[in-house]
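Residues per chain, in single letters:
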Amino acid sequence: MSVNLRGRSFLTLLDFTPEEVRYMIDLAHDLKAKKRAGIKGDTLEGKTICLLFEKTSTRTRSSFEVAMRDEGGDAVFLDKDSSQFGKKESVEDSAKVLGRIFDGIEFRGYSQKTVEYLAKYSGVPVYNGLTDDDHPTQMIADMMTIEEHISKPLNKVKLVFCGDIRNNMSYAWMYAAAKTGMHYVAYGPESLAAELNQDFVNNAKKAAEETGAVIEVSSSPDCLKGADVIYTDIWASMGEEDKIPERVKLLTPFQVTRKTLDATGNPDVIFMHCLPSFHDFETRMAAEQMKLGYDIREVTDEVFRSKNSVVFDEAENRMHSIKAILVATLGR
């Protein structure tokens, strides 16, 4: 089947067919091999995208900038402090302005509606670098990483996401699993399972009907058995300090430890994390909270630094996968 994604926005994996998702993963592998071989690309020559950030970032910003420049393009960074976006200018007006200046727009921020409005009004491809509801660029990198470390097709892989199963990464994984036929388990407290957005869950399950994917929610450690991938994310971000006491109490039983990995019964299980991670007390936030009596580590340092951990391969693959998305949708 021929796949042509030129001119498409990248807002959520639910917008793409399984064949289109497969194409982007394959292209990411190919572009990574070319980068390693020192082969310079030019598919984005003459193209410039806007990086519009409400939330701070390390991997997303770096990946978009390097990906564009590797392929002969350029990127201009704008944040909420250096632009009128959302202050003196509406999202619609900003989208119409930026769409006349740039060839594409990347948005990283809070509302999924914002990235959808940018796509609706800008007239150029728009890329979701993260919202409160989704993180689709991370998913292409993650599936690429799984294929590098697990000798199974994705539709034979079981991934268990541990912890705050209501967050954007958990929903993003539901969509990714649904599009690739994976077995996905959201493993967290019953109280959080009851708070899941059922529209999001139902959308994932509907997409899963096409691929045979399994989407499950569990509060039992029995769900860990047979997992190929253990995944987690931080329990609290900057600005959420007031929620830390309740988050720690609720989520500590779901902290990823050596026992978690052992419970899979799979010596080759891999550990993944979108980063940043609280795995030790070398960050200001983790150290300050520990002084207050709260261990906010979602994963132990033992696991994070173990042979099972592939988190830095995963982080590198953000750039290769974002490059693939850009080349597929904006390249010549």
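For the structure itself, look to the data block above.
The numbers attached to residues start from 1 for each chain and follow its sequence in the written order. This being a predicted model, a pLDDT of at least 70 is required before a residue's local features are given, and a value of 80 or more before pairs of side-chain atoms are given or counted; all residues contribute to the totals for chains, interfaces and linings. Here the side-chain values reflect all heavy atoms present in the structure, with hydrogen atoms and water set aside.

1. Describing the layout of surface pockets
Only protein atoms enter the calculation, which uses a 1 Å grid: trapped sets of points that fit a 1.4 Å probe without letting it out are cavities, open sets showing protein on both sides within 12 Å along at least five of seven lines are pockets, and any residue with an atom within 4 Å of a point is a lining residue. Grid points are joined across faces, edges and corners, and a volume is the space filled by probe spheres set on the points. Size it by volume and the second largest pocket reaches roughly 210 Å³. Helix and strand definitions follow DSSP, with helices as H or I runs of at least four residues and strands as E runs of at least two, each counted in order from the N terminus. Of all the elements in the fold, those that place two or more residues in the lining of the second largest pocket are α1 (18-36) and α13 (311-330). Take the lining of the second largest pocket: its biggest share by element is five residues, from α1. Three classes are used: nonpolar for Ala, Val, Leu, Ile, Met, Phe, Trp, Tyr, Cys and Pro, charged for Asp, Glu, Lys and Arg, and polar for all others, with Gly counted as polar. Classifying every residue of the lining of the second largest pocket by side-chain character gives four nonpolar, three polar and seven charged.

2. Structural notes on the sheet that holds strand β2 (residues 74-79)
A pair of strands is considered paired only if DSSP assigns at least 2 bridges between the two. The strand order β2-β1-β3-β4 describes an open sheet built from four strands, whose pairing is parallel. Every interior strand has two partners, whereas the edge strands, β2 and β4 (126-130), have only one. Here the strands of the sheet are splayed against their neighbours by 20° on average, with no regard to which way each runs. Pairing geometry for strand β3 (residues 104-108) and β4, over four bridges, is parallel. The residue bridging I105 from the neighbouring strand is V126, located in β4. A contact between two residues is defined here by any heavy atoms of the two lying within 4.5 Å. The angle between two axes is taken between their N-to-C directions and runs from 0 to 180 degrees, where each axis is a line fitted to C-alpha atoms and a helix contributes only its stretch in contact. On top of the sheet, helix α2 (residues 59-70) reaches β1 (48-53), β2, β3 and β4; it is set at about 175° to β1, its chief contact.

3. Topic: the pairing of β1
A regular strand places its side chains on the two faces of the sheet in alternate fashion. A 1.4 Å probe rolled over the protein chains alone gives each residue an accessible area, and that area as a share of the maximum for its type sets the label: buried under 20%, exposed over 50%, partly exposed in between. Within β1, five of the six residues are buried, which leaves it mostly tucked inside the rest of the structure. Two strands pair when backbone bridges link them, and β1 and β2 are joined in this way by six bridges, in the parallel orientation. When the bridges of β2 are listed, F53 appears paired with D79. Handedness of a crossover: with both strands directed away from the viewer, a clockwise path from the first strand across the helix to the second marks it as right-handed. With α2 bridging β1 and the parallel β2, this β-α-β connection has right-handed handedness. With five bridges joining them, β1 and β3 adopt parallel strand pairing. Bridge pairing in β3 links L52 to F107.

4. So, the pairing of strand β6 (residues 183-187)
Where burial is concerned, most of β6 is hidden: four out of the five residues are buried. Looking at chain direction, strand β5 (residues 158-162) and β6 are connected through five bridges and run parallel. The residue bridging F161 from the neighbouring strand is A186, located in β6. Assessed by its sense of winding, the connection that carries the chain from β5 through helix α6 (residues 168-180) to β6 is right-handed. Bridging between β6 and strand β7 (residues 214-218) involves five bridges; their strand directions are parallel. When the bridges of β7 are listed, H183 appears paired with V214.

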